[in-house]
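# Understanding the architecture of this molecule
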Amino acid sequence: MSGHPMTGFDPKWGTPEGFIIDMTRHIWEGRGVDDLDQLYAVDIPVRFPGGSTVGNKIVIDNTWATLSEFPDRQLLGEDVIWSDDGDGGFLSSHRIISTATHSGDGAFGTATGTKLVFRTIADCAARENAIYDEWLVRDVGAMVRQLGYSPRDFAAQQIEAEGGADSAIRPLTPETSPAAVYTGRGNDHAAGAKYAELLTAVASGDSEIVEANWDRAAQVELPGGVADFGWSAVSRFWNELRTALPDAQLEVEHQIGRDDPGLGERAALRWWLSGTHAGDGVFGEPTGVPVHIMATSHAEFGPWGLRREWIVFDEVAVWKQILLGS
């Protein structure tokens, strides 16, 4: 197999970006859900903060269920940051802004008619015209807040709906994640390496790194659908996480850097933040519960540093771990 990233793909897709964006639109908005039989590998593992599945049949069922609950959902592809796997395929990190009306009953309760806006970042490994491995992180905290719940209360409702603490579905951890079929780590582009270095440092409590490396007017899009700006916003976000999880360690699982015409230097990271819920703050009174936050993030760099950043994780899955005690 050659090293070209589109080896064995239908020429109609053109580029990795074209494959990911056009396929997503075809599946969701074109209702080509059953084409996932061909576009997703039969035994694909899909990981998300609330758990995992194996097999394209489950992906198809879950997609139809989501469309039943949110029939007018639009998935607007903001960016696709990808890396060549050197073997005819690629790993894409697809940042999506979704608009949807809660028109049907389902996982988010009885239909409310509420219009939602939320982000997802999907990391997909693809080769020979099919996705064969996926990591999917959706801002469920933003969704439930718009529906009138706190992430804590929604997590408690999930546990109850699943039969209580003994039978509830456990959120994903690094240890329970299905074995990866795609085992790449991304690429060695300087933008990805820089972003990985910055996040690791800021997560460990380096208070000086923000002013030295983020644009003073940085725009940051954070879990819960929060948009904020400037050095103080970046520092506050990480300080709140460190207060709640004082011993937390950030481990970068995958990193990509790119510098494309018209888009400039960008980076995509997938990472775990793991620590003990030993402090007050964003996750309530300390419980001593071990917490694993599965996260994805994108960054754009400009002449004055990191100028735009998107961090996505699922607050409901974090609260579910705390409420379940694991």
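Located above this text is the structure these notes cover.
Rules used in this analysis
- Residues numbered from 1 in each chain as written.
- Predicted model: local features only at pLDDT ≥ 70, side-chain atom pairs only at ≥ 80, totals over all residues.
- Heavy atoms only, no water.
- Helix = DSSP H or I, 4+ residues; strand = E, 2+ residues; numbered from the N terminus.
- Rg over C-alpha atoms; globule rule 2.2 N^0.38 Å.
- Contact = heavy atoms within 4.5 Å.
- Areas by Shrake-Rupley, 256 points an atom, 1.4 Å probe, with all protein chains shown as cover.
- Lys, Arg positive; Asp, Glu negative; His and termini not counted.
- Charge placed at Lys NZ, Arg CZ, Asp CG, Glu CD.
- Pairing = 2+ DSSP bridges.
- Axes fitted to C-alpha atoms, helices over the stretch in contact; angles between N-to-C directions.
- Salt bridge = Lys/Arg side-chain N within 4 Å of Asp/Glu carboxyl O.
- Buried < 20%, exposed > 50% of the residue type's maximum accessible area, 1.4 Å probe, protein only.
- Core = buried A, V, L, I, M, F, W, Y, C linked by side-chain atoms within 4.5 Å.
- Left-handed = near helix turned anticlockwise from the far one by under 90°.
- Phe/Tyr/Trp six-rings, centres within 6.5 Å; stacked < 30°, edge-to-face > 60°.
- Lys NZ or Arg CZ within 6 Å of the ring centre and 35° of its normal.

Take the overall build of the protein chain next. In terms of regular secondary structure, the protein chain is built from nine helices and 12 strands. The C-alpha radius of gyration of the protein chain comes to 19 Å, within 12% of the 20 Å expected for a compact globule of 326 residues. C-alpha atoms of the protein chain, sized along the principal axes, occupy 55 × 50 × 35 Å. When contacts within the protein chain are restricted to residue pairs at least 6 apart in sequence, long-range pairs at least 24 apart make up 66% of them. In the structure as shown, the protein chain presents an accessible area of about 13,800 Å², 50% of it carried by carbon and sulfur atoms. Averaging the positions of the 25 positive and the 48 negative side-chain charges in the protein chain gives two centres separated by 3 Å.

Here we take up the sheet that holds strand S4 (residues 90-101). If you walk across this open sheet you meet the six strands as S2-S1-S6-S5-S4-S3, and the pairing is mixed. Of all strands in the sheet, those bounded by a partner on one side alone are strand S2 (51-54) and strand S3 (74-84). Strand after strand, the sheet turns through a mean of 15 degrees between neighbouring axes, direction not considered. Bridge analysis of strand S1 (residues 45-48) against strand S6 (residues 130-138) gives two bridges, and the strand direction is parallel. Looking at the pairing, Arg47 lines up with Trp135 of S6.

Turning next to the sheet that holds strand S7 (residues 214-222). Ordered by their spatial adjacency, six strands build an open sheet running S8-S7-S12-S11-S10-S9, and the pairing between neighbours is mixed. Strands with a single pairing partner mark the edges of an open sheet, and in this sheet they are strand S8 (226-229) and strand S9 (249-260). Across the sheet, the mean angle separating the axes of adjacent strands is 15 degrees when strand polarity is ignored. Sheet analysis places strand S11 (residues 290-302) next to strand S12 (residues 305-312), joined by seven bridges and oriented antiparallel. Pairing of Glu300 across the sheet is with Arg308, part of S12. Contacting S7, S9, strand S10 (264-276), S11 and S12, helix H6 (residues 190-203) runs over the sheet at an angle of about 150 degrees to S9.

The next thing to look at is the pattern of salt bridges. Across all of its chains, the model carries 15 salt bridges by this definition. Between Asp133 and Arg47 there is a salt bridge whose closest N-O contact spans 2.8 Å. With Asp133 in strand S6 and Arg47 in strand S1, this pair connects stretches of sequence that are 86 residues apart. We classify Arg47 as buried; its relative accessible area is 1%. In this structure, the salt-bridge partner of Arg258 is Asp260, at a minimum N-O distance of 2.8 Å. Of the residues examined, Arg258 reaches a relative accessible area of 15% and is grouped as buried.

Before going further, it helps to examine the nonpolar core. By size, the foremost hydrophobic cluster in this structure holds 53 residues, and its most contacted members are Tyr195, Trp214, Trp238, Trp271, Leu273 and Ile293. In terms of residue count, the dominant contributor to this core is H6 (eight residues). When residues no more than four places from it in sequence are discounted, the contact partners of Leu273 are Ala203, Leu241, Leu245, Ala248, Gln249, Leu250, Val291, His292 and Ile293. Counting 41 residues, the second largest nonpolar core, distinct from the first, contains Trp13, Ile20, Ile121 and Trp272.

For the rest of this paragraph, the subject is the packing of helix H5 (residues 151-161) against helix H9 (residues 315-324). Close contact between H5 and H9 brings their axes to 8 Å; oriented N to C, the two are set at 60 degrees. As H5 packs across H9, the resulting crossing turns out to be right-handed. Residues Pro151, Arg152, Phe154, Ala155, Ala156, Gln158 and Ile159 of H5 pack against Glu315, Val316, Trp319, Lys320, Leu323 and Leu324 of H9.

Right, let's get into the packing of aromatic side chains. Applying the stated criterion across every chain, the model contains 14 aromatic pairs. A centroid spacing of 5.6 Å and a plane angle of 20 degrees characterise the contact between Phe108 and Phe154, whose relative ring orientation is stacked. Of this pair, Phe108 sits in the loop between S4 and strand S5 (115-127) while Phe154 sits in helix H5; the two residues are 46 residues apart in sequence, bridging distant segments of the chain. In terms of burial, Phe108 and Phe154 fall into one category: buried. Over the aromatic face of Trp135 sits the side chain of Arg47, whose NZ or CZ is 4.2 Å from the ring centroid. Arg73 extends its terminal NZ or CZ atom over the ring of Trp28, reaching a point 4.7 Å from the ring centre.

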